[in-house]
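Structure assessment
Below are the chains, spelled out letter by letter.
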Amino acid sequence: MFFGVPGQWRKMADGAVRNMGRYKMQEKRERIKQRIKEAELVLTGIGEQFAFDRAGEEAARAYRNLSLFLEGKNYFVITTCTDGLIRGAGLKEDRIVCPLSEEADDKEAYGQETLAWERYMKWLQGTLNRKLLVLELGVGLACPDVIRFPFEKVVFYNQKAELIRVHPKLFQLPAELKGRGMSVCEDAVALLAGAEISEKVFE
């Protein structure tokens with residue numbers, strides 16, 4: 001039997017929790033990477049969690065890792081973030097679209113995004129009845145009509161598609177998609193960035 005002081009036990013316990021958290025997060029990242037590898041096409045949605053008050057370094061690392069995960073795949077990325085951080089992360093510029101309102105001040109940017117949206121819709125038409133992975137990262141309910149609800153509809157009508165939804169709170173899949181995806185209760189930015197943090201893991 002080991003007789004140690006309470007403080008030492010607490011440090012050991014805290015260390016074990018952190019290690020378990022890192023292991024669980026790494027395991028989930030690997031499962032997502034495997035699903036990407038197996039898919040013919042990948043549709044990715046970047047939500048408002050990426051635009052929260054961050055220094056930017058973690059989100060930038062997450063974007064770079066996402067570009068590595070998608071390397072060699074036929075993909076499209078839809079984002080509601082307008083900070084431009086996703087640009088220059090290694091993702092194909094013509095495969096990124098950020099829907100802007102008609103009331104946007106920058107009319108040139110609005111025109112460019114309109115063309116990008118048209119390319120996306122044409123690409124999306126070609127995903128029907130093909131093995132499509134729909135990856136939703138940090139998408140809440142701020143703009144559900146842009147990513148969250150349309151993505152669910154895409155998976156519902158394409159019987160070969162599956163949805164992976166990553167969010168610390170809103171990770172649940174609708175009943176209509178039961179057995180056709182994966183719910184991941186994690187901070188999407190930390191998950192992609194590989195941040196070494198301690199978190200409570202829900203399966």
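Overview of the structure. If you're wondering where the values come from, they're calculated on a predicted model, not measured in any experiment.

What follows deals with the environment of Leu-70. For Leu-70, the location among the structural elements is in the loop between α2 (57–69) and β2 (74–79). With 20 residues separating them along the chain, Leu-70 and Gly-90 place their C-alpha atoms 9.8 Å apart. If we skip the residues at most four places from it in the chain, Leu-70 touches Ile-36, Val-42, Thr-44, Tyr-75, Val-77 and Leu-91.

Counted as a void, the largest pocket has a volume near 160 Å³. Residue lining of the largest pocket: 12 residues in total, with Thr-82, Gly-84, Arg-87, Cys-98 and Glu-113 positioned closest to the centre. Counting residues per element, the lining of the largest pocket draws most heavily on helix α3 (residues 107–125), which supplies three residues. Counted by class, the lining of the largest pocket contains five nonpolar, four polar and three charged residues.

Looking now at the pairing of strand β5 (residues 162–166). In terms of burial, β5 is a largely internal element, five of the five residues being buried. Of the two faces of β5, the one lined by Glu-162, Ile-164 and Val-166 and the one lined by Leu-163 and Arg-165 are each fully buried. Here five bridges tie strand β4 (residues 132–137) to β5, and the two strands are oriented parallel to one another. When the sheet's bridge partners are listed, Leu-135 is paired in β5 with Ile-164. Handedness of the crossover joining β4 and β5 through helix α4 (residues 148–157): right-handed. Examined bridge by bridge, β5 and strand β6 (residues 181–184) share four bridges and lie parallel to one another. For Leu-163, the partnering residue across the bridge sits in β6 and is Gly-181.

Moving on to the pairing of β4. For β4, the tally of buried residues reaches six of six residues, placing the bulk of the element in the interior. Side chains Leu-132, Val-134 and Glu-136 of β4 all project onto a buried face; the interleaved residues Leu-133, Leu-135 and Leu-137 project onto the opposite face, where all are buried too. Of the pairings in the sheet, the one linking strand β1 (residues 41–46) to β4 comprises six bridges and is parallel in character. Among the inter-strand pairings, Ile-46 is bridged to a residue of β4, identified as Leu-137.

Thresholds applied
Residues numbered from 1 in each chain as written. Predicted model: local features only at pLDDT ≥ 70, side-chain atom pairs only at ≥ 80, totals over all residues. Heavy atoms only, no water. Helix = DSSP H or I, 4+ residues; strand = E, 2+ residues; numbered from the N terminus. Contact = heavy atoms within 4.5 Å. 1 Å grid on protein atoms, 1.4 Å probe; cavity = no way out; pocket = protein on both sides within 12 Å on 5 of 7 lines; lining within 4 Å. Points joined across faces, edges and corners; volume = space filled by probe spheres on them. Nonpolar A, V, L, I, M, F, W, Y, C, P; charged D, E, K, R; others polar. Buried < 20%, exposed > 50% of the residue type's maximum accessible area, 1.4 Å probe, protein only. Pairing = 2+ DSSP bridges. Right-handed = clockwise from strand over helix to strand, strands pointing away.

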